[in-house]
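These are the residues of each chain, in order.
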Amino acid sequence: MSISEMEDPEMKGKKKRGRPGKQAPVQEFVKKGETCGKKSGRGKANGVAQHNGDGGDPVTLFEVVKLGKSAMQSVVDEWIESYKQDRDLALLDLINFFIQCSGCKGTVRIEMFRNMQNAEIIRKMTEEFDEDSGDYPLTMPGPMWKKFRYNFCEFISVLIRQCQYSIIYDEYMMDTVISLLTGLSDSQVRAFRHTSTLAAMKLMTALVNVALNLSIHQDNTQRQYEAERNKIAGKRANEKLELLLQKRKELQENQDEIENMMNSIFKGIFVHRYRDAIAEIRAICIEEIGVWMKMYSDAFLNDSYLKYVGWTLHDRQGEVRLKCLKALQNLYTNRELFPKLELFTNRFKDRIVSMTLDKEYDVAVEAIRLVTLILQGSEDALSNEDCENVYHLVYSAHRPVAVAAGEFLHRKLFSRHDPQAEEALAKRRGRSSPNGNLIRMLVLFFLESELHEHAAYLVDSLWESSQELLKDWECMTELLLEEPVQGEEMLSDRQESALIELMVCTIRQAAEAHPPVGRGTGKRVLTAKERKTQIDDKNKLTEHFIMALPMLLSKYQADSEKVANLLQIPQYFDLDVYSAGRMEKHLDALLKQIRLVVEKHIEADVLEACSKTYSILCSEEYTIMNRVDIARSQLIDEMTDRFAHSVEELLQEAEEADDDDIYNVLSTLKRLTAFHNAHDLTRWDLFGNCYRLLKAGIEQGSMPEQIAVQALQCSHYSILWQLVKITEGVPSKDDLVALRRVVKSFLAVCQQCLSNVNTPVKEQAFMLLCDLLMIFSHQLISGGREGLQPLVFNPDSTLQNELLNFVLDHVFIDQDDESQSMEGDEEDEANKIEALHKRRNLLAAFCKLIIYDIVDMPAAADIFKHYMKYYNDYGDIIKETLSKTRQTDKILCAKTLILSLQQLFNELLQDQGPNLDRTSSHVSGIKELARRFALTFGLDQIKTREAVATLHKDGIEFAFKYQNPRGPEFPPINLAFLEVLSEFSSKLIRQDKKTVHSYLEKFMSESMSERREDVWLPLISYRNSLLTGGDEDHMSVTSGSSSKTGSVRSKKGRPPLHKKRIEGDETLTPESSVEGSWMMRNDTLQTPGALQTPQLTSTVLRENRPAEHMPDPDSERGLMEDDAEPIFEDVMMSSRGQLEDMNEEFEDTMVIDLPPSRNRRERAELRPDFFDSAAMIEDESYYISIFKK
């Protein structure tokens, strides 16, 4: 009989042991008349473990295995010896070993072993569990318990190995162990189930190894028998034939016995536990069946067993899916097994490919590696669509996923690589490298992926698998510099640009030896080997591009995109090579080409690249600095003279200036501005001419906007370089006065430019104003620099108002209105994003002034009031500003918040008049904003106590500020504001609610408290919110639907916290009484002094969730319809019905299903809005703890 017959439920002539669902009495295996009172060799007396109370040597199997001090071979040998002396006591020792490994404190006695069934023993042991802890050895943390798990598995493996020739065939030991493990694996106790499943699976693995050895011996015996039988009659040894026949029969009987045991374990344990409710148990099963299929592929590598792995690929726990993939990797690594995997591949290939997008990154990585192994085994197994699903993952931000995808791409892209043909082509073209076609293929892939801005990601993904190709800079240079040859297609302009971009990225990767920005957690420390490789690569690329770069710049100097990329290369040079290798002539050639590029281009990115290259080459640590400095100075001299001359002509001709005059000034100014960013050009005094251009533009109003923008930027750089000089040295008073005069005049010019008709000029002036006010603020003198006090500038109220008005006019605008002029543009969406990015920068620049107390905090009221309306665009910036200002001054921040609400309310009054429609969306919007503001105060009411009280005081005063002109019997004009103010009532502690109510009554006449008309409802609701008890402190009283939104919890979230207050704590201290409170003062607001904080307690209620629905059995068919099994969870766990949940979480024993995971990776969720009530409630348990005594 073959091992595959285990799938046949009706095996004839075989003993059935330990069947699932049947628990055989243990005493059936104990022979009558055997004595059980003998003392075994491991401290057993009458079947009870004798523990060494003095901390001496371990006396039980569990202690020996846990400590791991003895070799497992000797431990097993000792147990076998005791088994030979008295197998009942030895088996009792082994049974207690499994019980104790489960974390159970109980011990099975010999009387229990003789007289009780497995189910009764297990039930008795369940009662011995420590209910205070859910931990057991397999789940306990720490290196000792990790080692225990290893020793536990090794013990079982060695036990079977040592017993494989005799004891396991005695129809007693293995029957008893399998029966016990089957019963334990059917328990509702997680510790029993987990430990017994691990033991059973390792037992099965050991038996598979025994079966494999038996199969090998059978084959050898059969060959010996055939060889002897085929001999001629005279030389044939009949006795040997009989011995071989007898040996073959014995081996077959042993094989049948082993198959019976494996069948019992597989059907009694595996088929139930591979779908257990606990993910770790499922993972154990899948890991071990993968071992069986690899170890004994002839018996186990078929569709009857592969289907379990295939079904479990849909498991909803990542660790189980991971085990499936790793098990399959071990199979697909062996190409000889591919024919047996063909049907499985066809059935589950789509699922495996979809798992490359798994939401668990570890699973996605292993899925990609598995797909790569499938590709290596058979290219026909994967369709083009399957491959494309993996290709785009080279651009993933998660580096392990990208590297795995890069390995797949390398295998697929270069699988048809013919070295001989490539070398022949290279010789024919006179190239030194045969990688030309491969580099072309890489360029084509990059262009077809349509993600050109991510070349660095592509290079990084391929770096580990295709490093030799990516470092072939000679071949890349030859492709770029070679002349057209008849009959061979040359690189197109687009392909040349892509190749240059890829080449620069490979140079950066080799020189810096770390992934690009966005991949990885940062720069790691390189090993000695990696450091040596980095140095060698840097020397190699330097020696090559020192000679090649001038030629490349010469060929492509007219193409701004290519030149800008090529000029990135020198920053990765080892510049000592110029002088050490006597290559100054190549340096001169490079400087000449850069000069030509500067004279030919005015694009910002090209000029910045040239400026940066000069800056790197001028580093003082290199001997080539003087040579480069001379070339740079000559270039700046020429440009400065040209600029001064063109400015004079432009100013003289004024309104009569033509386009040539304007272009001459603009082109030279752009070059000088780009260089001034990275170089100190103060000795050329560029500020003077720039300032003249700006003043002329302001006075005449006709200066081209680009010239004005560039002049502003260049002047800004000039001021910063002057400040650097002063801060680095010991400035004189004259230097400080001169710089102050320059800064003051420039600030005045920028302020005047805010009213310019050209938006780019206004935006540039605004950004520079914000930057300079930050730089020359009171923080300039911090850190012992009090001598710079004359340079500190504080903006006056006029300038602050102008900056604020600019933000309101240019930031808080409807994007649709702004982009109407862009309609019809193919890049409309890109333009909208760019415009939004610019507006965000403007807002952030102004908010920084508020945060650092350069602009008065009340100015933030005009920002805060737009929080809800522009939440998607600027919510994060406004939220951060609110958080930082509250850290600076809680009370002033609270006043600013209420001021922003008052402004919105006043605007609403102007639009709708005094008779407000309180049900309108505008009023609801203000209330919702107030609710969001209230949530930002958090749950620590003690810290925000005074700020909240101040807010209520200002709100009450505002509500009663203006009396109704129609008479006192009509409500004050702003009375409806109290409905908004009530949103903050929940943030008052109980004592302050009464105090605020007393303050409110000071503004109310006697008739007001008696009015019940609709127009007085805001007053009624606000009073009610103040009179409400402390039990309502965490919800809004009168916010209607908005408060419901804030208090409703997700059903899947944390259970609600129920709070009880101590009634005796309601008494106010004398300071908080009405007579002695801050309400008697009109000028300031002070909260009461130290009060006894009411004690809060919480009770967490457990929610019993209903069992989830089973999937349709027909929806998950196996490889073949006849033997398919639906993939839904086994009903936990007993055939006698539902048992009590013993020391186990409710979820562990639920009926669950395994739905397919999503085929696309889920988008990363946005960080929770800390204004959102749901996010606040999630942290409620943390805040509540501060009130507990």
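Residues numbered from 1 in each chain as written. Predicted model: local features only at pLDDT ≥ 70, side-chain atom pairs only at ≥ 80, totals over all residues. Heavy atoms only, no water.

Asker: Can you explain the overall build of the chain? Please cite residues and give values.
Answerer: Within the chain one finds 48 helices and four strands. Burial analysis of the chain (1189 residues in total) assigns 51% to the buried set. Contacts in the chain between residues far apart in sequence, at least 24 positions, make up 76% of those at least 6 positions apart. Total accessible area computed for the chain in this model is approximately 57000 Å², and 48% of it derives from carbon and sulfur atoms. (Helix = DSSP H or I, 4+ residues; strand = E, 2+ residues; numbered from the N terminus. Buried < 20%, exposed > 50% of the residue type's maximum accessible area, 1.4 Å probe, protein only. Contact = heavy atoms within 4.5 Å. Areas by Shrake-Rupley, 256 points an atom, 1.4 Å probe, with all protein chains shown as cover.)

Asker: Break down a negative patch on the surface for me, with residues and values.
Answerer: Among the surface-exposed residues, Glu653, Glu655, Glu656, Asp658, Asp659 and Asp660 lie close enough to one another that they form a single negatively charged patch. In this fold, Glu653 is placed in helix α29 (residues 625-653). With a relative accessible area of 31%, Glu653 lands in the partly exposed category. (Patch = residues over 30% accessible without salt bridge, like charges linked within 9 Å, V, L, I, M, F, W, Y side chains within 5 Å. Salt bridge = Lys/Arg side-chain N within 4 Å of Asp/Glu carboxyl O. Lys, Arg positive; Asp, Glu negative; His and termini not counted. Charge placed at Lys NZ, Arg CZ, Asp CG, Glu CD.)

Asker: Any chance you could break down helix α44 (residues 990-1003) for me, citing the residues and the numbers?
Answerer: Among the 14 residues that make up α44, ten are buried, leaving the element largely enclosed by the rest of the structure. Within the sequence span of α44, burial applies to Arg990, Gln991, Asp992, Lys993, Thr995, Val996, His997, Ser998, Tyr999 and Leu1000. The inward-facing, buried residues of α44 abut α42 (945-959) and α45 (1017-1027).

Asker: Tell me about the packing of helix α10 (residues 279-295) against helix α12 (residues 303-312), and name the residues and values.
Answerer: Here α10 crosses α12 at 145°, and the two axes come no closer than 10 Å. Between α10 and α12 the crossing geometry is left-handed. Mapping the contact onto sequence places Ile286, Ile289 and Met293 in α10 and Tyr305, Leu306, Tyr308, Val309 and Thr312 in α12. Residue composition of the contact of α10 with α12, by class: seven nonpolar, one polar and no charged. (Axes fitted to C-alpha atoms, helices over the stretch in contact; angles between N-to-C directions. Left-handed = near helix turned anticlockwise from the far one by under 90°. Nonpolar A, V, L, I, M, F, W, Y, C, P; charged D, E, K, R; others polar.)

Asker: Provide a residue-level description of the confidence of the model for the chain, including the pertinent values.
Answerer: On average, residues of the chain score 79 in pLDDT, and 78% of them are at 70 or above. Across residues 819-824, where pLDDT falls below 50, the model places four contacts with residues more than four positions away in sequence or in other chains. (pLDDT = per-residue confidence, 0-100.)

Asker: Describe the UniProt feature "coiled-coil region" (unreviewed entry) in the chain, with residues and values.
Answerer: In this structure's numbering, the residues bearing the UniProt feature "coiled-coil region" (unreviewed entry) are residues 234-264. Between the end C-alpha atoms of residues 234-264 there is a gap of 48 Å, over a span that is 87% helix and 0% strand. (UniProt positions renumbered as here; feature names shortened; annotations may be inferred.)

Asker: Lay out helix α31 (residues 686-700) in plain terms, naming residues and giving numbers.
Answerer: Given a rise of 1.5 Å per residue, 15 residues ought to cover 21 Å, and the 21 Å separating the end C-alpha atoms of α31 matches this to within 8%. Tucked inside the fold, the buried residues of α31 contact α29, α30 (659-678), α32 (705-728) and α33 (733-753). Directly beyond the C-terminal end of α31, a positive phi value near 70° is found at Gly701. (Expected span 1.5 Å × (residues − 1).)

Asker: Before we move on, can you summarise the packing of aromatic side chains with the specific residues and values?
Answerer: What the rule picks out here adds up to 40 aromatic pairs. Ring centres 5.3 Å apart and planes at 70° place the aromatic pair Tyr999 and Phe1003 in the edge-to-face group. Placement of both Tyr999 and Phe1003 in helix α44 is noted, with a separation of four residues, approximately one turn of the helix. An aromatic cluster of three or more residues is present, and its members are Phe266, Phe270, Tyr274, Trp292, Tyr296, Phe300, Tyr305, Tyr308 and Trp311. In this arrangement the basic side chain of Arg87 is found over the ring face of Tyr172, its NZ or CZ atom lying 4.1 Å from the centre. The side chain of Arg519 reaches across the aromatic face of Tyr457, ending 4.4 Å from its centre. (Phe/Tyr/Trp six-rings, centres within 6.5 Å; stacked < 30°, edge-to-face > 60°. Lys NZ or Arg CZ within 6 Å of the ring centre and 35° of its normal.)

Asker: How would you explain the nonpolar core if you had to name every residue and give the values?
Answerer: Phe155 and Phe846 are the most contacted members of the largest nonpolar core, which totals 323 residues. In this view, Phe846 contacts Phe766, Cys770, Leu803, Leu804, Val807, Val855, Ala859 and Ile863; residues no more than four positions away in its chain are not counted. (Core = buried A, V, L, I, M, F, W, Y, C linked by side-chain atoms within 4.5 Å.)

Asker: Give me the environment of His217: which residues, what numbers.
Answerer: Summarising the element assignment, His217 is placed in helix α8 (residues 190-229). The exposure class of His217 is partly exposed, given its relative accessible area of 38%. His217 sits 34 residues away from Leu251 along the chain, and the two C-alpha atoms are 7.7 Å apart.

Asker: Can you explain the packing of helix α3 (residues 87-101) against helix α7 (residues 173-185)? Please cite residues and give values.
Answerer: Relative orientation of the contacting elements α3 and α7 amounts to 25°, with a least axis distance of 11 Å. For the element pair α3 / α7, the angle class is roughly parallel. Crossing hand, α3 versus α7: right-handed. Residues Leu91, Leu94, Ile95, Phe98 and Ile99 of α3 lie in contact with α7, whose contacting residues are Met173, Thr176, Val177, Leu180, Leu181 and Leu184. (Parallel < 35°, antiparallel > 145°, perpendicular 65-115°, else oblique.)

Asker: Give a detailed account of the pattern of salt bridges, specifying residues and quantitative values.
Answerer: What the rule picks out here adds up to 40 salt bridges. Asp386 is the salt-bridge partner of Lys349, the closest N and O atoms lying 3.0 Å from each other. One end of the pair, Lys349, is in helix α14 (residues 338-354); the other, Asp386, is in helix α16 (residues 384-391), with 37 residues separating them in the sequence. Each of the two residues, Lys349 as well as Asp386, counts as buried. The shortest N-O distance in the salt bridge between Arg692 and Glu648 comes to 2.7 Å. In this pair, Arg692 sits in helix α31 while Glu648 sits in helix α29, placing the two residues 44 residues apart along the sequence. On the basis of relative accessibility, which here comes to 32%, the residue Glu648 falls in the partly exposed class. What you see here is one network of salt bridges that share partners, running through Arg399, Asp460, Glu464 and Arg519.

Asker: Quick one: what's the story with the side chain of His194, residue by residue and with numbers?
Answerer: Along the polypeptide, His194 turns up in helix α8. Looking at His194, the relative accessible area reads 0%, which means it is buried. Non-local contacts of His194, meaning those with residues more than four positions away in its chain, are made with Tyr136, Leu138, Thr139, Arg149, Glu280, Ile281 and Ile284.

Asker: Explain the environment of Gln779 residue by residue, including any values.
Answerer: Mapped onto the secondary structure, Gln779 falls in the loop between α34 (759-775) and α35 (797-810). In sequence terms Gln779 and Ile854 are 75 residues apart; their C-alpha atoms lie 9.8 Å from each other. Look past the residues within four positions of Gln779 in its chain and what remains in contact with it is Arg785 and Tyr852.

Asker: Mind laying out the environment of Leu357, listing which residues take part and the relevant values?
Answerer: The residue Leu357 is located in the loop between α14 and α15 (361-377) in this model. Taking relative accessible area as the criterion, Leu357 reaches 7% and is therefore assigned buried.

Asker: Account for unusual backbone geometry, naming residues and giving values.
Answerer: The phi torsion at Glu171 lies on the positive side, around 60°, for a residue other than glycine. Note on placement: Glu171 falls in the loop between α6 (143-163) and α7. A positive phi angle, near 55°, is found at Ala513, a position not held by glycine. One can find Ala513 in the loop between α23 (493-512) and α24 (528-556). The partly exposed category is assigned to Ala513, whose relative accessible area is 27%.

Asker: Please give an account of the state of the cysteines that cites residues and values.
Answerer: According to the stated counting rule, one finds zero disulfides in the structure shown. Between Cys750, a cysteine without a disulfide, and Cys753, which holds the nearest cysteine sulfur, the sulfur-to-sulfur distance is 6.1 Å. (Disulfide = S-S within 2.5 Å.)

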